[in-house]
Amino acid sequence: MNSLERLLYYPLGDAMPQQGETLEVRAGAGSGLAPAVKWVRMGLPFALNHINLWLLRDELGGRSGWTVVDCCITRDETKAQWEQVFATQLEGLPILRVIVTHMHPDHIGLAHWLCERWQAPLWISATDYYAARVGSMSTTGFGGAAAADFFASHGLTDPESIAKIRGRASYYPGMVPQVPPRFHRLQDGQVVRIGGRDWRCISGYGHAPEHIALYCEALEVLISGDMMLPKISTNVSVHDTEPESNPLQAFLDSIDKFRQLPAETLVLPSHGKPFVGLQERIRQLHEHHRDRLAEVMQACATAPRSAADLLPVLFKRKLDLHQTTFAMGESVAHLHALWFVGKLRREFCSDGVYRFTTA
Ligand SMILES: [Zn+2]
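The following refers to the structure shown.

About the criteria used
Residues numbered from 1 in each chain as written. Predicted model: local features only at pLDDT ≥ 70, side-chain atom pairs only at ≥ 80, totals over all residues. Heavy atoms only, no water. Salt bridge = Lys/Arg side-chain N within 4 Å of Asp/Glu carboxyl O. Helix = DSSP H or I, 4+ residues; strand = E, 2+ residues; numbered from the N terminus. Buried < 20%, exposed > 50% of the residue type's maximum accessible area, 1.4 Å probe, protein only. Contact = heavy atoms within 4.5 Å. Pairing = 2+ DSSP bridges.

**Description of the pattern of salt bridges**
This structure, assessed with the given rule, holds 19 salt bridges. One salt bridge in this structure joins D14 and K273, with 2.8 Å as the shortest N-O distance. Here D14 is found in the segment before strand 1 (23-27), whereas its partner K273 is found in the loop between strand 12 (266-269) and strand 13 (275-276), with 259 residues between them in sequence. Here K38 and E91 are joined by a salt bridge, their closest N and O atoms 3.3 Å apart. Taken together, the positions of K38 in strand 2 (residues 34-43) and E91 in the loop between helix 1 (76-89) and strand 5 (95-99) put the pair 53 residues apart, joining distant regions of the chain. Accessibility expressed as a relative area gives 12% for K38, which makes it buried. If you follow the salt bridges from partner to partner, you end up with K38, R57, E59 and E91 in one network.

Following this line, the structure appears as structure tokens:
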């Protein structure tokens, strides 16, 4: 646990569900704690080593069953783990609905399989639905030539890395081979009735095209997806499909929307452990990015810098290729946040690389 994490409270301690099992999370004030969700945890084959998924008791179209929030990636191990959950954790009831917080592979990868298997509808924001469909059919935004050219224009010129990124054409479709053919649209402010309780959609930007978190006032529970994580800071990247975006500002504006929620809100994040300390975590994330922005300003004050030049400034550890692509996107995001407010100037240099200097 790092020093910032100590300022958060983990009501479940180190308890977590075993593979193929669930852990009941109870919440809500007043007349004692009510069962809120069943927590499912599944392994991931990359640095982010697990994802949390949630099962909520539901009634839909006169049937009793479960709504599942997020799905994990498509692979045989994940399907096997879901089969165990179906066989032992659903109390003999079906999955009635699949809600997906956003289009990243660990969240939507198996939605097609879950929806098909249970004849259950998919609920997701329209923006993320279409981004996932495009991603599953092409290489857009997640590798391939366009990503390689984009990173090169921000100074990642090492031929081996560029060749690998260029060759990584099936990154997204490999984990999200299909997306369900139909969906129900989720939008900011919309209230979804799940198991007799109201859950309000809170949209978030900067991490995914249109991330949807769900808040239940009766339980004081926030299913935060990737918008609010207890330990790591959410990835905020500029991608080749929207090369002049300002996702860091969008992210910081979005997490401020959670300030209206009660301090004692139980946050159910997609990675890490359920925690209490939402207001403290919002403060920490602002501080974290303020510090990174100050470092970027300092580096750009002495010489023009590319996003690649800033990797050792922003990330003080050795990065593998997968981490380098994420780090490059983050580095551009920090430069853009300062460029958008006029603190940095951008220049397209004769070697084909963007560099930034203090204005
Ligand atoms: Zn994500």
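Next, the rest of the story.
**Focus on helix 3 (residues 111-118)**
For helix 3, a buried count of six out of eight residues is recorded, marking the element as mostly surrounded by other parts of the structure. Tucked into the core, helix 3 has its buried residues touching helix 1, strand 5, helix 2 (105-108) and strand 6 (122-124). Positive phi appears at Q119, one or two residues downstream of helix 3, with a value of about 50°.

**What about the sheet that holds strand 10 (residues 211-216)?**
Strand pairing within a sheet occurs via backbone hydrogen bonds; the two strands may be parallel or antiparallel. The six strands lie next to each other as 8-9-10-11-12-13, forming an open sheet whose pairing is mixed. Either end of the sheet is taken by a strand with one partner, and the two such strands are strand 8 (191-194) and strand 13. Where strand 9 (residues 197-204) lies against strand 10, five bridges are found, and the strand directions are antiparallel. Residue pairing for strand 10: R200 is matched across the bridge by Y215.

Limitation: the analysis is restricted to geometry and does not speak to function.
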